[in-house]
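Reading the structure
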Amino acid sequence: MRGMIPRLIVVAIAGALVVATPVIAQSPKLTLPDVANPLVAEGEVGRFGGTYVTTSISDPRTFNAVVAQETSSTVPLSYSFDGLVETNRISTEIEGALAESWTVSKDGRTWRFKLRKGVAWHDGVPVTADDVIFTLDAAFTKGVQSSLPDVLTIAGKPIQYKKVDDLTVEFKTEQPFGPFLRTIGFSVLPKHKLEGALKQGASEFNRTWSVATPPREIIGQGPFVMQQYVPGQRIVFLRNTKYYRVDKKGQRLPYLARIVVVVVPNLDAARLKFEAKETDHYAARPREFAEFKQKETAGNFTIFDGPPTFSTEFLVFNLNPRGISGPKLAWFQNVKFRQAVSHAVDRDAIVRQVYAGRATAQFSPVSPANKFFFNPNTRRYSYDPARAEVLLREAGFSKGADGLLRDAAGNVVEFTMATNAGNTDREAIGNLVRQDLTRLGMRVTFAPEAFNTLVGKLTGTFNWEAIIIGLTGGLEPHTGQNVWRSTGSLHMWHPRQESPATDWETEIDRIFDQAAQMVDQNKRKQLYNRWQEIVAEQVPMIYFTTTLTQPAVRNTMGNIRLGFGGTTANIEELYYRTPYR
């Protein structure tokens, strides 16, 4: 996936607080008629043409990149929108994208970004500093449903920004902020297309560029132009003939003529299409790895034995008084109830039955894939139903002669647990967890729903009880502020709090504030270690496992490289080695 991704450059920034020039792998001799300093891709030189076909098990929820908070929207939008900077998929260093260079002041508080001259929107209008400023103005407008302010608020204070000239933008933070570059890769939107909507207010802006908008009105500056969207069927993108990246020969990218994202009902349907050679990429499930390995030659594809994912999967209970009330709220807010549930989850069964051994139990909000920030010493919850029953008794629950668990007031413990329909792995996990909790005497209704419906409940109506869902991960914990600060829009168990509801949320807020003001990487790690310990103790999210990744890609595709973000995130460099569809 393209777009905003985090971390690791922090040490390099701390060591270069005078004038930093970004690492940009490009030759100064290559130019385009309209872009004097195009970005040069690292991959091998390919050939032009062809249609890349992939799948999605969910329709997009919006085409407005500022308000998009779910991968069903952000992934397709990443084909059409770039940011100032991006993460190199192999080195994980930060590199320029729309920005060709940047500097930082001696005190580490003021950053200036120079945009590439000649970069244009899909309709031909030049990309300027006004677009960057407009995007931030929109995100920070009260009522606009964006996670961006969560990330761009440093120690409780929003970053300051201003236009210096048509191609220069300046950012200022109250304190030196080590991971600044990891937070500034947001998708830039066109002021000339969306300014009118913002002037009509936050509600109108939130609705603008909905999925009902004619696709050709979605104007980006990324490698592909959205051409068609048929709900429940497909999204089609065409090559952006004005894109600002070139290959090593100076040929303008992307190579592919089209991208087609086929919307399928579930992962099984995605697999069938790949095996029928109707698609070029399939995010194979862990349990399919061995089987697909045997089919590589016959299927003319390669399945990669990838590293652990940065993503997380978990069960979360609703602790939000605006969404739930009565005894259920009291149960879910009781930490011993949540700890009991964590002890009742048989993670080894999930590893064996859902992931065929290609996963390990997880208890921290940081994936072990993040080798620097992962804390292996957090509290662990072994599968221990007896310990779960003890914790429930300590919390005032008891199991009756009928086998049902009741609270101190005699209410039967029963609730509905959802997940996104079509994700068969999560559906399998949900069935296992329901069985585990039934053994404790809980009456659990497991009801998968459409992904976008769940997202609407988590971020809008708050009308839900328990959900099995996942989050994408990254290299820099600060970029998870939208989840972990009590004010965060994706603080999903109780979002957007005026003030922290609990002492442990107060401490997490303080940790993120302190870490944001700290340049020393090791001291930041100590703070984030404490954050992981708190989360493991309070279990607002009950984590399941960390899985390995195993993307399968057709051998007809060139420039396939397994790196941060998967195998096909460098979409502008992909090409067909052989005659294409």
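Residues numbered from 1 in each chain as written. Predicted model: local features only at pLDDT ≥ 70, side-chain atom pairs only at ≥ 80, totals over all residues. Heavy atoms only, no water.

Observations regarding the overall build of the protein
Stated precisely, the cut-off is as follows: Numbering of helices and strands runs from the N terminus; a helix is a DSSP stretch of H or I covering at least four residues, while a strand is a stretch of E covering at least two. Note on method: radius of gyration uses C-alpha positions; expected globular size equals 2.2 Å times residues raised to 0.38. In this analysis, two residues are considered to be in contact whenever any of their non-hydrogen atoms come within 4.5 Å of each other.
The secondary structure content of the protein amounts to 17 helices and 28 strands. Over its C-alpha trace the protein gives a radius of gyration of 24 Å, about what one expects of a compact globule, namely 25 Å for 581 residues. Counting only C-alpha atoms, the protein reaches 80 × 60 × 45 Å along its principal axes. Summarising the internal contacts of the protein: among those between residues at least 6 apart in sequence, 71% fall at separations of at least 24.

A look at unusual backbone geometry
A cis amide bond, omega 5°, links Leu253 with the succeeding residue Pro254. Note that Pro254 resides in the loop between β13 (245–246) and β14 (258–263). Residue Val539 is not a glycine yet carries a positive backbone phi of 40°. Here Val539 shows up in the loop between α17 (521–538) and β24 (541–543).

Observations regarding the pairing of strand β11 (residues 224–230)
Rule in force here: Classification of residues uses two cut-offs on accessible area relative to the type maximum, computed with a 1.4 Å probe and protein chains only: under 20% is buried, over 50% is exposed, and between them is partly exposed. Pairing between two strands requires that DSSP report at least two bridges joining them.
Among the seven residues that make up β11, five are buried, leaving the element largely enclosed by the rest of the structure. Sheet analysis places β11 next to strand β12 (residues 234–239), joined by six bridges and oriented antiparallel. By the bridge assignment, Tyr229 is partnered in β12 with Ile235.

Some thoughts on the sheet that holds strand β26 (residues 551–554)
Strand pairing in a sheet relies on backbone hydrogen bonds, with the paired strands running either antiparallel or parallel. This is how the line gets drawn: Only the stretch in contact is used when a helix axis is fitted, and all axes are lines through C-alpha atoms; the angle between N-to-C directions ranges over 0 to 180 degrees.
Spatially, three strands are ordered β15-β26-β16 in an open sheet, and the strand pairing comes out antiparallel. Every other strand in the sheet has two partners, leaving β15 (281–283) and β16 (301–303) as the edge strands with one partner each. Pairwise comparison of adjacent strand axes, ignoring direction, gives a mean angle of 10° for this sheet. Summarising the sheet, β16 and β26 pair through three bridges and their orientation is antiparallel. Residue pairing for β26: Thr302 is matched across the bridge by Val553. Where helix α7 (residues 267–275) meets the sheet, its contacts fall on β15, β16 and β26, and the angle it forms with β15 comes to roughly 145°.

Quick notes on helix α11 (residues 347–354)
Given 3.6 residues to a turn, an α-helix orients residues that are three or four positions apart in the same direction. How we decide: Polar contacts, as used here, are pairs of N or O atoms within 3.5 Å; protein pairs need one atom able to donate a hydrogen and one able to accept it. Residues neighboring in sequence count only if both atoms are side-chain atoms.
When α11 is considered as a whole, its buried residues turn out to be Arg347, Ala349, Ile350, Val351 and Val354. The inward-facing, buried residues of α11 abut α10 (335–344), β18 (359–361), α13 (424–439), β24 and β25 (545–547). For α11, the N-terminal capping position is held by Asp346, with its side-chain oxygen 3.3 Å away from the main-chain nitrogen of Asp348. Two residues or fewer after α11 comes Ala356, characterised by a positive phi angle close to 50°.

A word on the pattern of salt bridges
Inclusion rule: Salt bridges are defined as contacts in which a side-chain nitrogen from Lys or Arg sits within 4 Å of a carboxyl oxygen from Asp or Glu.
Throughout the structure, instances matching the rule amount to 41 salt bridges. A salt bridge links Arg485 to Asp513; its shortest N-O distance comes to 2.6 Å. Of this pair, Arg485 sits in the loop between α15 (481–484) and α16 (503–516) while Asp513 sits in helix α16, and the two are 28 residues apart along the sequence. For the pair Arg485 and Asp513, a shared accessibility class is recorded, and that class is buried. With a shortest N-O distance of 2.9 Å, Arg530 and Glu507 are connected by a salt bridge. Here Arg530 is found in helix α17, whereas its partner Glu507 is found in helix α16, with 23 residues between them in sequence. We classify Arg530 as partly exposed; its relative accessible area is 36%. Members of the salt-bridge network, linked through shared partners, are Asp268, Arg271, Glu275, Arg285, Glu288, Glu291 and Lys295.

Things to note about the side chain of Asn482
Along the chain, Asn482 turns up in helix α15. On the basis of relative accessibility, which here comes to 10%, the residue Asn482 falls in the buried class. Setting aside residues no more than four positions away along its own chain, Asn482 makes contact with Ser147, Asp150, Gly488, Ser489, Leu490 and His491.

A look at the packing of aromatic side chains
Let me state the cut-off plainly: Any two of the Phe, Tyr and Trp rings considered here, Trp counted by its six-membered ring, make a pair once their centres fall within 6.5 Å; the pair's planes then place it as stacked at under 30 degrees, edge-to-face at over 60, or tilted in between. Only when the NZ of Lys or the CZ of Arg is both within 6 Å of the ring centre and within 35 degrees of the ring normal is a charge said to sit over the ring.
Scanning all chains against the criterion turns up 35 aromatic pairs. An angle of 75° between the planes, with centres 5.8 Å apart, marks the rings of Tyr528 and Trp531 as edge-to-face. You can see Tyr528 and its partner Trp531 sitting in helix α17, three residues apart, about one turn around the helix. In this structure, Tyr528 and Trp531 share a single accessibility class: buried. Here the aromatic cluster, defined as three or more aromatic residues joined through ring pairs, consists of Phe372, Phe373, Trp484, Trp493, Trp504, Phe512, Tyr528 and Trp531. For the cation-ring pair, Arg358 lies above Phe289, with the distance from its terminal atom to the ring centre recorded as 4.0 Å. The lysine or arginine in question, Arg554, covers the ring of Phe274, its NZ or CZ lying 4.0 Å from the ring centre.

Topic: helix α3 (residues 129–140)
As a reminder, the rule being used: In this scheme, a helix's expected span is set at 1.5 Å multiplied by one less than its residue total.
Taking 1.5 Å of rise per residue, the 12 residues of α3 would be expected to cover 16 Å, and the 17 Å separating its terminal C-alpha atoms lies within 8% of that figure. Where α3 begins, the capping side chain belongs to Thr128, and its oxygen is found 3.2 Å from the backbone nitrogen of Asp130.

Concerning the environment of Thr51
With respect to the secondary-structure elements, Thr51 resides in strand β2 (residues 51–56). Assessed through its relative accessible area of 10%, Thr51 is described here as buried. Linking Thr51 and Val263, residues 212 residues apart in sequence, is a C-alpha distance of 16 Å. A polar side-chain atom of Thr51 sits 3.3 Å from a polar atom in the side chain of Arg258.

Remarks on the packing of α11 against α13
What counts here: Put simply, angles under 35 degrees are roughly parallel, angles over 145 are roughly antiparallel, angles from 65 to 115 are roughly perpendicular, and the rest are oblique. Crossings are assigned a handedness: left-handed for a near helix turned anticlockwise from the far helix by less than a right angle, right-handed for a clockwise turn.
At a closest axis distance of 10 Å, the pairing of α11 and α13 adopts a crossing angle of 140°. Here α13 runs oblique to α11, going by the angle between their axes. In the crossing of α11 with α13, the sense of the turn from one axis to the other is right-handed. The residues of α13 that touch α11, namely those facing Ala349, Ile350, Gln353 and Val354, are Asp425, Ala428, Ile429 and Leu432.

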